[in-house]
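# Structural overview
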Amino acid sequence: MKDTFEDIRAYRTGGLDVITDFLLVFPFLQILAWRTTDSLRLDYLGDRKRIEEDIRHGAFFMTNHRDIVMDAAWLSYKLRTRYFIRPFMGVGDNLFAKPWIEHLMRYLRCFAVKRGAGAHAQLKNAKHLSAYIRHLRAKGKSIWLAQREGRAKDSNDLTQTSVLHMLTIDATDIYEAIKELNICPVSITYEYDPCDYLKAREMQLKRDNPRWRKTKRDDVESMQTGINGQKGRVVYRLTPSINPEIDAMLAAHPEYRELPVNDQLQHVCDIIDRHIHAGYEIYERGTKFDAYIDSRLALIDIPGKDEDFLKEKSFDFVQPDAIQYSEKGANQFMIGCYNEVIALFNSNTFPMTWIYDEDYLTGPSWAFGYLGAGNYLNDGYIPNYWS
């Protein structure tokens, strides 16, 4: 029988993966941890026994997204060495920059998430990927997938409804389909983001030229920097399955089942986000942090380099508690507020926010989605500008 998932599936290696894991892959990952981190820890939020029970039944690990390669690699390493499980991992096919990279990643249990197609092809790809993921879960396999497409450039970790929509694309009951996946959120915290200066550079390039797009070379550079760069202390914190919280939510609000699909999915996203945010590891700011930021900015070499903008963006990767209680810390905070407010007017977002807040705004769903009729707060971005 022809393999219907040939174009996206991870390669089947049988018992070979045990040999390659413990003789080749994991020794490399351990050496990498010694070279690029001060510590690498797998931790738990909540009842550890319940989390381990979820893992034994096959879990769908959904994490925030910090690094293209290492997010999944180290989670896989820690789960394999502690529980002898190795999740299948979904990665964007834009990372398959060269044929040898694609073959290597598929041998390492990575399956392809196709991107960059037209609307019709995107729908077809989403259904194909959703079917493959459910095929794996039906066999009791564990899976890793990031909560969003692409890394969070500003550390604002929010689960995209589009990810859950892909996972439930043909489901008649959204909540039951999600429960079948057994989603177990995982928080990933790096003390230092090795790609921070690349992300800040990308944000200025996009600001200066809205049509700017990354190339395959940029993706390869991000992969190399993420693998080899210094990360300080790294913590992966497992949290329990969200299924009991979905049940409790539906018991309290049975009317949620009648909501539009995007609204139903948003309630699930909120649960996932609460797990991930509660699992963050908060690090105290060291005395050398300002020197660290300056050293990262020195690595950025682009035309029209905007030092103030780049420095403010570099602090997007810092927890608020790390800002100094001093005049310098106050200035840093005010620069961030100033840039955020100015961005509203420069990008024409602020007027659009007012337009959305109109009781008479309505139209076909393909044009306005769930906006209109004074319902603008249902949009995931607009409340940020109001609040």
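Quick notes on the rules
Residues numbered from 1 in each chain as written. Predicted model: local features only at pLDDT ≥ 70, side-chain atom pairs only at ≥ 80, totals over all residues. Heavy atoms only, no water. Core = buried A, V, L, I, M, F, W, Y, C linked by side-chain atoms within 4.5 Å. Buried < 20%, exposed > 50% of the residue type's maximum accessible area, 1.4 Å probe, protein only. Contact = heavy atoms within 4.5 Å. Axes fitted to C-alpha atoms, helices over the stretch in contact; angles between N-to-C directions. Helix = DSSP H or I, 4+ residues; strand = E, 2+ residues; numbered from the N terminus. Left-handed = near helix turned anticlockwise from the far one by under 90°. Nonpolar A, V, L, I, M, F, W, Y, C, P; charged D, E, K, R; others polar. Pairing = 2+ DSSP bridges. Phe/Tyr/Trp six-rings, centres within 6.5 Å; stacked < 30°, edge-to-face > 60°. Lys NZ or Arg CZ within 6 Å of the ring centre and 35° of its normal. Arc of directions from axis to C-beta.

### Focus: the nonpolar core
Leu29, Phe61, Met70, Trp74, Leu75, Tyr236 and Leu238 are the most contacted members of the largest nonpolar core, which totals 41 residues. If near-sequence neighbours (up to four positions away) are discounted, Leu238 is found in contact with Leu42, Asp43, Tyr44, Leu45, Ile51, Ile55, Phe61, Leu75, Leu79, Pro185 and Val186. Counting 35 residues, the second largest nonpolar core, distinct from the first, contains Tyr132, Leu136, Ile169 and Ile178.

### Brief notes about the packing of helix 7 (residues 174-181) against helix 11 (residues 261-278)
Each pair of packed helices can be described by the angle between their axes along with the distance between the axes. Viewed as axis vectors pointing N to C, helix 7 and helix 11 meet at an angle of 35°, and their least axial separation amounts to 10 Å. Regarding helix 7 and helix 11, the two cross each other, and that crossing is right-handed. When helix 7 is examined against helix 11, the residues Ile174, Tyr175 and Ile178 are found in contact with a partner set consisting of Val261, Gln264, Leu265, His267 and Val268. Here the contact of helix 7 with helix 11 is composed, by residue class, of six nonpolar, two polar and no charged.

### Structural notes on the sheet that holds strand 2 (residues 60-63)
In space, the seven strands of this open sheet follow the order 1-7-6-2-5-3-4, with mixed pairing throughout. Either end of the sheet is taken by a strand with one partner, and the two such strands are strand 1 (37-44) and strand 4 (110-113). Direction aside, neighbouring strands of the sheet carry axes that sit 25° apart on average. As defined by bridge partners, strand 6 (residues 183-190) adjoins strand 7 (residues 232-238) across five bridges and the pair is classed as antiparallel. Looking at the pairing, Ser187 lines up with Arg237 of strand 7. The strands touched by helix 11 within the sheet are strand 2 and strand 6, with strand 6 carrying the most contacts at an inclination of about 35°.

### Focus on the packing of aromatic side chains
Under the criterion given, the structure shown has three aromatic pairs. For the pair Phe111 and Tyr132, a centre-to-centre distance of 5.4 Å together with 70° between the ring planes defines the contact as edge-to-face. Here Phe111, found in strand 4, pairs with Tyr132, found in helix 5 (residues 119-138); they are 21 residues apart in sequence, far enough to count as distant. Each member of the pair, Phe111 as well as Tyr132, is classed as buried. Taking NZ or CZ as reference, Arg207 lies 4.5 Å from the ring centre of Phe309, over its face.

### Description of helix 12 (residues 289-297)
Along an α-helix, residues three or four positions apart point the same way, because every turn accommodates 3.6 residues. All of the buried residues in helix 12 are Phe289, Asp290, Tyr292, Ile293, Arg296 and Leu297. For helix 12, the buried positions fall inside an angular range of 155° around the axis, keeping them on one side.

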